[in-house]
Amino acid sequence: MRKNVLVTGASSGIGRATALRLAAEGHTVFAAARRTDRLEALAAETPGTIVPVQLDVTDPDAVRGAVAAVAERAPAGLDVLVNNAGYALTGPVETLETDAVRAVFETNVVGLFDVTRAFLPQMRANRRGRIVNVSSMLGRMTVPGSGVYGGTKYAVEAMSDALRMEVRSFGIDVVVVEPGFVDTEIDTTSAMIAHDGAIADYAELERDMTAYLAAQVKAGATAEAVAATLVHASTVRNPKPRYVAPAKNAIVLKVLTTLPTRLADRLKLQTVRSS
Ligand SMILES: NC(=O)c1ccc[n+]([C@@H]2O[C@H](COP(=O)([O-])OP(=O)(O)OC[C@H]3O[C@@H](n4cnc5c(N)ncnc54)[C@H](OP(=O)(O)O)[C@@H]3O)[C@@H](O)[C@H]2O)c1
């Protein structure tokens, strides 16, 4: 069945690939982001239906505007909301700036919360809908340098789990997708380690983390591979509550979350340092 789907963060990476794949499958895609020139180009390059929607998830007026834009084009409302917009702020906890920490929570957590709340009343009225939240494997386990970014994704996981139970009786489902490293623009749009050595004690760890993250993102899955999981989670009749993407990474998550904490700590630190 043809669905109305809104994808946030559709101007690049995972969101863009997801929008293209959904449109190719015949769904109507509301592609939302701040960079509308990119969304216009996306709409022009697909034979499917992609409707650009200007949206900064941290701007309440823009969120209301997105609801109005969807209502105008699809009066019956959304079938699926894909909350994908986000970025990373990485680095040893003590080296990060308070404003930068606030900002990443504002986008990854509060923004996702606001967009979700804006579309929920219509889904409740329809007694039907699905919300697919993009978390991260770092929302289930922590490595050095991921304390704050992972914190935003742990919040997404908790909100998703609570919401899934709260809206189930209204015919709404909530699904979480947890990518591992993915080769997208995240390493240029995000602060991947504050590598300025401002606190000398952390300089060596920052260097190792920077090299580790750059290598992992470049060697990561393609955005298209993760988009395939997101499209499945958005359209399959009975989705699982959460998907690791690509699925082969699930074993890493299982092992690292099952090992005794101090042993897992040692393994993770060694991995970061030896890259
Ligand atoms: N790449 C990875 O290794 C990886 C791993 C796990 C999870 N993830 C998650 O996957 C999601 C997508 O990331 P990506 O890797 O595809 O990165 P990306 O290529 O940098 O894309 C990020 C998208 O988010 C949008 N965005 C950022 N801030 C926004 C805001 N305030 N309002 C609206 N849109 C905003 C950007 O659009 P505009 O700048 O045009 O607004 C862009 O379309 C994120 O939630 C990220 O945390 C990524």
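The coordinates are above.
Remember, predicted model here, so these are calculated numbers, not experimental data. (Residues numbered from 1 in each chain as written. Predicted model: local features only at pLDDT ≥ 70, side-chain atom pairs only at ≥ 80, totals over all residues. Heavy atoms only, no water.)

Draft legend 1. Quick peek at the sheet that holds strand β6 (residues 129-134). Read across the open sheet, the seven strands follow the order β3-β2-β1-β4-β6-β7-β9; overall the sheet is parallel. The open sheet is flanked by β3 (49-54) and β9 (242-245), the only strands paired with a single partner. Direction aside, the axes of adjacent strands within the sheet are offset by 20° on average. When strand β7 (residues 172-179) meets β9, the two strands line up parallel, connected through four bridges. Each bridged residue has a counterpart across the sheet, and for V177 the counterpart in β9 is Y243. Across the face of the sheet, helix α8 (residues 223-235) comes into contact with β4 (80-83), β6, β7 and β9 while running at roughly 155° to β6. (Pairing = 2+ DSSP bridges. Helix = DSSP H or I, 4+ residues; strand = E, 2+ residues; numbered from the N terminus. Axes fitted to C-alpha atoms, helices over the stretch in contact; angles between N-to-C directions. Contact = heavy atoms within 4.5 Å.)

Draft legend 2. Structural detail: helix α3 (residues 60-73). With 14 residues, α3 should reach 20 Å at 1.5 Å per residue; the first-to-last C-alpha distance of 20 Å fits that figure. Next to the buried residues of α3 lie β1 (4-8), β2 (28-33), β3 and α4 (98-126). The N-cap residue of α3 is D59: its side-chain oxygen and the backbone nitrogen of D61 are 2.9 Å apart. (Expected span 1.5 Å × (residues − 1). Polar contact = N/O pair within 3.5 Å; in protein donor to acceptor, adjacent residues only side chain to side chain.)

Draft legend 3. How the structure looks around the environment of V29. Along the chain, V29 turns up in strand β2. Residue class for V29 comes out buried when judged on its relative accessible area of 0%. Put simply, V29 and A221 are 192 residues apart on the chain and 23 Å apart in space, counted from C-alpha to C-alpha. Each residue touching V29, except ones within four places of it in the same chain, is listed here: V5, V7, A19, L22, A23, T49, I50 and V51. (Buried < 20%, exposed > 50% of the residue type's maximum accessible area, 1.4 Å probe, protein only.)

Draft legend 4. Spatial organisation of the side chain of S234. Mapped onto the elements, S234 comes out in helix α8. Beyond its immediate chain neighbours, meaning those up to four positions away, S234 contacts K3, V80, V82, R130 and V132.

Draft legend 5. Fine view of the site of the ligand. Taken together, 29 residues sit near the ligand, with S11, S12, R34, Y149 and T184 positioned nearest. Measuring from a nitrogen atom of the ligand, one finds a side-chain N or O atom of D56 at 3.0 Å. Notes on the ligand: free accessible area 890 Å², of which the protein chains cover 96%. Listed by contribution, the elements that provide at least two residues to the shell around the ligand are α1 (13-24), α5 (147-167) and α6 (186-189). Per-class residue counts for the shell around the ligand are twelve nonpolar, twelve polar and five charged. (Near = heavy atom within 4 Å. Areas by Shrake-Rupley, 256 points an atom, 1.4 Å probe, with all protein chains shown as cover. Nonpolar A, V, L, I, M, F, W, Y, C, P; charged D, E, K, R; others polar.)

Draft legend 6. View of the side chain of R130. Inspection of the secondary structure assignment puts R130 in strand β6. Here R130 is buried and forms no salt bridge, its nearest opposite-charge partner D173 lying at an N-O distance of 5.0 Å. Among the polar contacts made by the side chain of R130, one reaches the main-chain carbonyl oxygen of S234 at a distance of 3.4 Å. (Lys, Arg positive; Asp, Glu negative; His and termini not counted. Salt bridge = Lys/Arg side-chain N within 4 Å of Asp/Glu carboxyl O.)

Draft legend 7. Representation of the nonpolar core in the model. In this structure, I50, V132 and L230 are the most contacted members of the largest nonpolar core, which totals 28 residues. Counting 23 residues, the second largest nonpolar core, distinct from the first, contains L6, F30, V70 and L163. (Core = buried A, V, L, I, M, F, W, Y, C linked by side-chain atoms within 4.5 Å.)

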